[in-house]
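# Summary of structural features
One letter stands for each residue in the lines below.
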Amino acid sequence: MSPLINSTFDRYAMQRVCAWLAWACLLLIVCFPLLLMAYWTVADAGLLAARSNMLPINIQSPLESWQRALGALVTLLPVGLMMRGLWEARLCFKQFALGHVFTAQAVKRLRSFAGWITASSLSSVMIGPAISVILTFNNPPGSKHVAIGIGTDQVLTLMFAAVVWVMASVIAQGQALAEENASFV
């Protein structure tokens, strides 16, 4: 296969993958809040405690419906921020699917995605104490908990967002160099 045909095939394959990823982002945007609500509805109290940086024995009373509903509502904050980031990723993938890769719009969308994912990760750290208070609210006096924790998932998400931000900066520099070179001709 000649290099031209191979690069053309790669370009069209990448455009198809990006179109699929745009749809996948939309699917995640729709499914995340529904899955979150289902999780808070059916998850065992011990599992909710563990996900909130507590031991299962820290929840001493059965969880009431209002605790589950409020926990889900509070957890919607980082999920909502992630959904906003996924929307930016979707718009970026749609541009890539059209072949618009090294553009100011792509840089803007990638940076926006990185920013929203960073906000989502940081907010998930911030809501942890609120969730622990909600889950232990019905405990007897002296056995309520406030748990604070940072997990590897938040650290890795922040690292991922930083990588995307840097990649967007590299694209922006490449775009500026291409424009500068085009002005010499």
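Up top is the structure these notes are about.
A few points on the structure. (Residues numbered from 1 in each chain as written. Predicted model: local features only at pLDDT ≥ 70, side-chain atom pairs only at ≥ 80, totals over all residues. Heavy atoms only, no water.)

### Some words on the overall build of the protein chain
- The number of helices and strands found in the protein chain is 5 helices and 0 strands.
- Taken from the N to the C terminus, the helices and strands of the protein chain come in the order α-α-α-α-α.
- The buried share among the 185 residues of the protein chain stands at 35%.
- Intrachain contacts of the protein chain at a sequence separation of at least 6 include 80% that bridge at least 24 residues.
- With the model as given, the accessible surface of the protein chain reaches about 11200 Å², and the carbon-plus-sulfur share is 73%. (Helix = DSSP H or I, 4+ residues; strand = E, 2+ residues; numbered from the N terminus. Buried < 20%, exposed > 50% of the residue type's maximum accessible area, 1.4 Å probe, protein only. Contact = heavy atoms within 4.5 Å. Areas by Shrake-Rupley, 256 points an atom, 1.4 Å probe, with all protein chains shown as cover.)

### Quick notes on helix 5 (residues 152-184)
- With 33 residues, helix 5 extends 48 Å from end C-alpha to end C-alpha; this agrees with the ideal 48 Å at 1.5 Å per step.
- Among all positions of helix 5, only Q154, A161, V164, A168, I171 and Q175 are buried.
- Tucked inside the fold, the buried residues of helix 5 contact helix 4 (104-135). (Expected span 1.5 Å × (residues − 1).)

### Examining the packing of helix 4 against helix 5
- Orientation of helix 4 relative to helix 5, taken along the N-to-C sense of each, is 165°, at an axis distance of 9 Å. In terms of orientation, helix 4 lies roughly antiparallel with respect to helix 5. The hand of the helix 4/helix 5 crossing is left-handed. Contacts between helix 4 and helix 5 pair A104, V107, L110, R111, F113, A114, I117, T118, S121, L122, S124 and V125 from the former with Q154, T157, L158, F160, A161, V164, W165, A168, S169, I171, A172 and Q175 from the latter. (Axes fitted to C-alpha atoms, helices over the stretch in contact; angles between N-to-C directions. Parallel < 35°, antiparallel > 145°, perpendicular 65-115°, else oblique. Left-handed = near helix turned anticlockwise from the far one by under 90°.)

### Here's the deal with the nonpolar core
- Ranked by size, the top nonpolar core spans 33 residues in total, and within it W40, L48, M54, I59, F96, L110 and L135 carry the most contacts.
- Taken together, the elements giving at least two residues each to this core come down to helix 1 (3-42), helix 2 (45-51), helix 3 (65-97), helix 4 and helix 5.
- Ranked by the residues each element gives to this core, the list is headed by helix 4, at 9 residues.
- Residues contacting L135, with those up to four places away along its chain left out, are W40, L48, A49, S52, M54, I59, L63 and Q67. (Core = buried A, V, L, I, M, F, W, Y, C linked by side-chain atoms within 4.5 Å.)

### Concerning the layout of surface pockets
- Taken as a whole, the largest pocket spans an internal volume of roughly 960 Å³.
- In terms of lining residues, the largest pocket is bounded by 29 residues, among which R51, T75, P78, S124 and D153 are the most central.
- Sorting the residues of the lining of the largest pocket by element identifies helix 1, helix 2, helix 3, helix 4 and helix 5 as the ones contributing at least two each.
- When residues of the lining of the largest pocket are assigned to their parent elements, the largest contribution, 9 residues, is made by helix 4.
- For the lining of the largest pocket, the per-class residue count stands at 16 nonpolar, 11 polar and 2 charged.
- Estimates place the volume of the second largest pocket at around 180 Å³.
- Along its surface, the second largest pocket is lined by C25, A89, C92, F93, F96, L110, F113, F160, V164 and M167. (1 Å grid on protein atoms, 1.4 Å probe; cavity = no way out; pocket = protein on both sides within 12 Å on 5 of 7 lines; lining within 4 Å. Points joined across faces, edges and corners; volume = space filled by probe spheres on them. Nonpolar A, V, L, I, M, F, W, Y, C, P; charged D, E, K, R; others polar.)

### Digging into the pattern of salt bridges
- Going through the model one piece at a time under the given rule, you end up with 2 salt bridges.
- A salt bridge links E88 to R84; its shortest N-O distance comes to 2.5 Å. In this pair, E88 and R84 both sit in helix 3, 4 residues apart, roughly one turn of the helix.
- Between R109 and E88 there is a salt bridge, and its shortest N-O distance comes to 2.9 Å. Highlighted residues: R109 in helix 4 and E88 in helix 3, separated in sequence by 21 residues. One exposure class covers both R109 and E88, and it is buried.
- Via salt bridges that share partners, R84, E88 and R109 belong to a single interconnected network. (Salt bridge = Lys/Arg side-chain N within 4 Å of Asp/Glu carboxyl O.)

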